[in-house]
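Descriptive analysis of the structure
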Amino acid sequence: MFRPSSWILILLFAPLSVWGQDKRLTQKLGGEGSVRSDSLDAFSFPVRNIKSANRKDFMVGKSFFRQNWVSFPASVESLEGLGPLFIAQSCIACHERDGRGRPAVDGKEEFRALLFRLSIPGSKEQQARFHGGPVPVPNYGDQLQNFAIPGVKPEAKVRASFTETSGSFADGITYTLQKPVFRFEDLAYGPFPKDVMVSPRLAPGAFGMGLLEAIDEKDILKNADPDDLDGDGISGRPNFTWDERAQKRALGRFGWKANQPTVLQQTAAAFNGDMGVTSPVFPHQNCEPAQKDCLAAKAKSTPEISQSDLQKVSAYMHLLTVPQSQALTEGQIKTGQRLLRELTCTKCHVETYRTGTGTEFAENHNQIIHPYTDLLLHDMGDDLADGRPDFEASGREWRTPPLWGLGRSRKVNPQTRFLHDGRARTPEEAILWHGGEGEGAREKYKALDQSQRDQLLTYLESL
Ligand code: HEC
Ligand code: HEC
Ligand SMILES: [Ca+2]
Ligand SMILES: [Ca+2]
Ligand SMILES: [Ca+2]
C-alpha cells in the first residue's frame, strides 16, 4: 500500500542525492589546525586549534613580521636596527600576505623577494670554520644585499634577462619556457672573484612551518634512498646543516636546499641576512671587513631584536595555518591524487605524515598532514642547477618544496612565480622544468592528453 508520506520522502531525497554526487569537499592539508578560508588573507590566520596562552605571542610576532624596520636611531626604538646592508624592511615585503614573493616585475624594479646567496669553494680550513656550509665571498659575504641605509653603498644592482626555449606535449600542443640570466651591476666593493658561486632564491610561503618541524626525523630519513637501491631513478638525500644554538650538526628542513634546521634559526637568519637585524643567534652586523662604510655606520648595541621577541616571531611562524584546500568534487580530488601517484610525483612530493611530539608547540603535534614534500634533496638536472653547494646539498640538488598552498598562492599573490628562481610562470611550467631525478615524472606528464593535464592542474590549483 502506497502512502502519501512515502511520496513526500522520495521527493525530498531525490534532489539531495543528485546534489550529494557532486558535493564539493575541502581537505585539511594542515590537520586540525587548517582554517577554511577563501579570502586573500587565507595564509594569515593562526591554526584553528591555537591554545589561548599562545595567542598573544602570535599577535606580537605577527606585528614584528609586518612592521617596517628602520635604521638607528629612530623614534620607534623596538624597530631600530635595519641594515646597514639589507634587502627588505619587513618580512612581509618578501613573504607577501605570509605567502610567496614575486621576482622583480618589468625589469625596472629592484629585486627583493628574489635574493642571491653567494659563496666561494674555499679551502678545507675555511670549510671547516663554517661547519661544512658555504664559505663567504671576500668583500660580499654569503648573501647579496642590494639596498643600504643612507651613507652606505648597496652591494650591487641586479638585472635579469631571459632565454626562451620551446617544446611540445605528446599530443602536439606546444609551450614555451623562460630561463632567467642574472647580471650584477655597480658592484660597490670590487669585482666578484672568478670562483664566485651564486644561488638565486625566491621567497616561499611562510605558513605551515611548525608542522614541517614537527615531522619526526625518522619519518624523513626513511624516504631517503641515496644510492637508489630500489632502482626507480629517484634517490633523495637528507641535508645536514649546523644548529647555531645547539652547536651541532642537524637535519636541514627549511629553505630551497634544506639549509636551515629550525624555524627559529631560519627566522634569525632572515632578520640578519635579509634585513640587517642582529639577534642573540646571529649577533654580528652583516658587514664584511672590507665594507668600511658599513662597519662605520651608527648601530645600536647588539642584539637589535631580543631573544624573547625573536621567539615570538618564531611562534608566529610555527602557528600560521595551512588553509584547507579549495573545494573540489570527490571525483576531481580522487583523479588528481591518482594522477600524482601514477606520474610518480608523490615519490618526492610525499603526501601524508602524522607529526610527532618533539617540538615546542603542542598545536602541531600528532597531526595528519598533507604537505607533498619529503624534505629531501634531489638532483634536478642541468637546467635547474645553480652550481652552488649548500652544506651537503650539491650544486644540482634542491629540496622538494611542499605543494600545500600552491594554487592558493596564485590567488593571494597573482604575480608570484614558481621554482627556486621564479622562472616558472605557472605550476605547469614548473613541472616542465623537472629534470634529473624528476625527468621521468616530467615525461609522464608530457605524455598525458589535454584533459588529463587539466585534471592534474585543477587538483594542484586547489591546494
Ligand atoms: C628579502 C626577502 C626576504 C625577507 C625580507 C624575508 N625572507 Fe624569509 N625567505 C626568503 C627566501 C628567498 C627564502 C628561501 C631561502 C633559501 O632557500 O635559502 C625564505 C625562507 C623563509 C622560511 C622557510 C620557508 C621554507 O619553505 O622552508 C621562513 C620560515 C622564513 N623565510 C621566514 C622569514 C621571516 C620570519 C622573516 C623576517 C624576519 C623573513 N623570512 C624575511 C626571502 C625573505
Ligand atoms: C625527483 C623528485 C621530484 C619528482 C618526481 C617531482 N618533483 Fe616536483 N619538485 C621537486 C623539486 C626538487 C622541486 C624544486 C626545484 C627547483 O626549484 O629548482 C620541485 C618543484 C615543483 C613545483 C614548483 C613548486 C614551487 O613551490 O615552486 C611543482 C608545482 C611541482 N614540483 C610539481 C610536481 C609534479 C606535478 C610532479 C609529477 C609530475 C613532480 N613535481 C615530480 C622534486 C620532484
Ligand atoms: Ca642592524
Ligand atoms: Ca653581503
Ligand atoms: Ca629510489
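Given the structure is predicted, the values throughout are model-derived calculations rather than measurements.

Description of the overall build of the chain
Assigned secondary structure in the chain consists of 14 helices and 14 strands. Against the compact-globule benchmark of 23 Å for 463 residues, the chain has a radius of gyration of 24 Å, which places it among compact chains. Structurally, the chain occupies a C-alpha span of about 95 × 55 × 45 Å along its principal axes. Of all 463 residues assigned to the chain, the portion counted as buried reaches 54%. For the chain, the share of sequence-separated contacts (at least 6 apart) that also reach a separation of at least 24 residues comes to 69%. Here the chain has roughly 20,600 Å² of accessible surface; of this, 54% comes from carbon and sulfur atoms. Averaging the coordinates of the 56 positive side-chain charges in the chain and doing the same for the 58 negative ones gives two points 4 Å apart.

Observations concerning the coordination of the calcium ion (ligand 5)
Protein-derived ligands of the calcium ion (ligand 5) are Asp-225 (OD), Asp-228 (OD), Asp-230 (OD), Asp-232 (OD) and Ile-234 (O), with the metal-ligand distances lying across 2.2 to 2.4 Å. Sequence positions of the residues that donate to the calcium ion (ligand 5) give the spacing D-x2-D-x1-D-x1-D-x1-I. Judged by relative accessible area, Asp-232 falls into the partly exposed class, the value being 29%.

So, the pattern of salt bridges
Within the structure shown, the criterion is met by 34 salt bridges. Across the pair Asp-386 and Lys-257 runs a salt bridge whose closest N-O atoms are separated by 2.9 Å. One end of the pair, Asp-386, is in the loop between strand 13 (377–379) and strand 14 (397–399); the other, Lys-257, is in the loop between strand 9 (248–251) and helix 7 (263–275), and 129 residues separate them in sequence. Considered together, Asp-386 and Lys-257 belong to a single accessibility category, that of buried residues. Bridged by salt links that share partners, the residues Asp-216, Lys-218, Asp-219 and Lys-222 form one connected network.

Overview of the site of ligand 2
Taken together, 27 residues form the shell around ligand 2, and within it Cys-345, Cys-348, His-349, His-420 and His-434 come nearest. One of the side-chain N or O atoms of His-349 is found 2.8 Å from a nitrogen atom in ligand 2. For ligand 2, an oxygen atom lies 2.7 Å from a polar atom in the side chain of His-420. Taken together, the elements giving at least two residues each to the shell around ligand 2 come down to strand 14 and helix 12 (427–433).

Some points on the site of ligand 1
Not every one of the 29 residues close to ligand 1 is listed here, only the nearest: Cys-91, Cys-94, His-95, Arg-117 and Gly-255. Contact distances for ligand 1 include 2.7 Å between an oxygen atom and a side-chain N or O atom of Arg-117. One of the side-chain nitrogen or oxygen atoms of Arg-201 is found 2.8 Å away from an oxygen atom of ligand 1. Counting only elements with at least two residues in the shell around ligand 1, the list comes to helix 3 (91–94), strand 3 (114–119), strand 7 (197–202), helix 7 and helix 9 (307–319). With six residues, helix 7 is the largest single contributor of residues to the shell around ligand 1. Each residue belonging to the shell around ligand 1 can be placed in one class, and the counts come to 17 nonpolar, seven polar and five charged.

A short note on the environment of Leu-432
For Leu-432, the location among the structural elements is in helix 12. Accessibility expressed as a relative area gives 5% for Leu-432, which makes it buried. Between the alpha carbons of Leu-432 and Tyr-445 there is a distance of 8.2 Å; along the sequence they are 13 residues apart. Not counting the four nearest positions on each side in its chain, Leu-432 is found in contact with Phe-169, Tyr-175, Leu-177, Arg-442, Tyr-445 and Lys-446.

Things to note about the state of the cysteines
In protein chemistry, a disulfide is the covalent bond that joins the sulfur atoms of two cysteines. Under the counting rule described, the total for this entry stands at one disulfide. Covalently, Cys-287 is tied to Cys-294 through a disulfide, its sulfur atoms 2.0 Å apart. One quick way to see it: the torsion about the S-S bond of Cys-287 and Cys-294 is about -70°, and its sign makes the bridge left-handed. Here Cys-287 and Cys-294 have matching classes, each one buried.

How each quantity is defined
Residues numbered from 1 in each chain as written. Chains lettered and ligands numbered in written order. Predicted model: local features only at pLDDT ≥ 70, side-chain atom pairs only at ≥ 80, totals over all residues. Heavy atoms only, no water. Helix = DSSP H or I, 4+ residues; strand = E, 2+ residues; numbered from the N terminus. Rg over C-alpha atoms; globule rule 2.2 N^0.38 Å. Buried < 20%, exposed > 50% of the residue type's maximum accessible area, 1.4 Å probe, protein only. Contact = heavy atoms within 4.5 Å. Areas by Shrake-Rupley, 256 points an atom, 1.4 Å probe, with all protein chains shown as cover. Lys, Arg positive; Asp, Glu negative; His and termini not counted. Charge placed at Lys NZ, Arg CZ, Asp CG, Glu CD. Donors = N, O, S within 2.8 Å, 3.2 Å for Na, K, Ca; no water. Salt bridge = Lys/Arg side-chain N within 4 Å of Asp/Glu carboxyl O. Near = heavy atom within 4 Å. Polar contact = N/O pair within 3.5 Å; in protein donor to acceptor, adjacent residues only side chain to side chain. Nonpolar A, V, L, I, M, F, W, Y, C, P; charged D, E, K, R; others polar. Disulfide = S-S within 2.5 Å.

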